[in-house]
Amino acid sequence: GTLPYIWTKVTGYGNLPVLATLDFDSGMLDWSAPVQGIYGFRAKARDSAVPQNSFEKDFILEIKPDTAVPITTASPEGGIFASAQSITLSTNKSPATIYYTTDGTEPTTGSPVYATPVAIAVSTTLKFFAQDALGNIETPAKSEIYMVDTSVPSIPVITDDGVATSETTRLHASWSAADAESGIS
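Owing to the predicted nature of the structure, the values given are computational and were not obtained by experimental measurement. (Residues numbered from 1 in each chain as written. Predicted model: local features only at pLDDT ≥ 70, side-chain atom pairs only at ≥ 80, totals over all residues. Heavy atoms only, no water.)

Asker: I'd love a proper account of the pattern of salt bridges, names of residues and values included.
Answerer: Within the structure shown, the criterion is met by 3 salt bridges. The closest approach of N and O atoms between lysine 93 and aspartate 132, which form a salt bridge, is 2.5 Å. Taken together, the residues lysine 93 in the loop between β8 (85–91) and β9 (96–101) and aspartate 132 in strand β11 (residues 124–132) connect sequence positions 39 residues apart. Here the two residues lysine 93 and aspartate 132 agree in accessibility, since each one is buried. The salt bridge involving glutamate 138 is made with lysine 142; its shortest N-O contact spans 3.5 Å. (Salt bridge = Lys/Arg side-chain N within 4 Å of Asp/Glu carboxyl O. Helix = DSSP H or I, 4+ residues; strand = E, 2+ residues; numbered from the N terminus. Buried < 20%, exposed > 50% of the residue type's maximum accessible area, 1.4 Å probe, protein only.)

Following this line, the structure appears as structure tokens:
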């Protein structure tokens, strides 16, 4: 069960600004969204069943600015793929905005904003970074290279090059194969 304490008063602590207010109807403390600084309050609670158990408690809280930059990841990571890929970008901070490019240029805050997975159907360099709500920017931008090779390599052709050998158990031959999309030949 819950303790029978009823919050009766919230005041400032020393000369520190008050961080919380008390809703006397619900007994709930309401926390504001403070900016950096040191805040404090003193709360008094009364035990309605056993008044001698009533107490006062001082709270001090230091709010420091968030300077951590967001970290963005791509899934799947870059690599060689036999089919088109749908790339999901995510960041460890929320809210944050992810900016990206697919043409190999460095993204800026004027670049497209990530909202849905990025479709990669041809070989592409995807570059991206995130900026959180406080303005912390991930730098430098990250880069993933996606090579999409959907072509089937040609079947190797083996030919006798006409070079005779004195051994009947050996064949002197040459061969070639090519994959036009990757340029391998």
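Asker: Give me the packing of aromatic side chains: which residues, what numbers.
Answerer: Evaluated as defined, the whole model comprises 2 aromatic pairs. A ring pair is formed by phenylalanine 81 and tyrosine 146, whose centres lie 6.0 Å apart and whose planes are at 25°; its orientation type is stacked. In this pair, phenylalanine 81 is assigned in strand β7 (residues 79–81) and tyrosine 146 in strand β12 (residues 142–148), connecting sequence segments 65 residues apart. Residue classification places phenylalanine 81 among the buried residues on the basis of a relative accessible area of 18%. (Phe/Tyr/Trp six-rings, centres within 6.5 Å; stacked < 30°, edge-to-face > 60°.)

Honestly, it's all geometry; don't read function into it.
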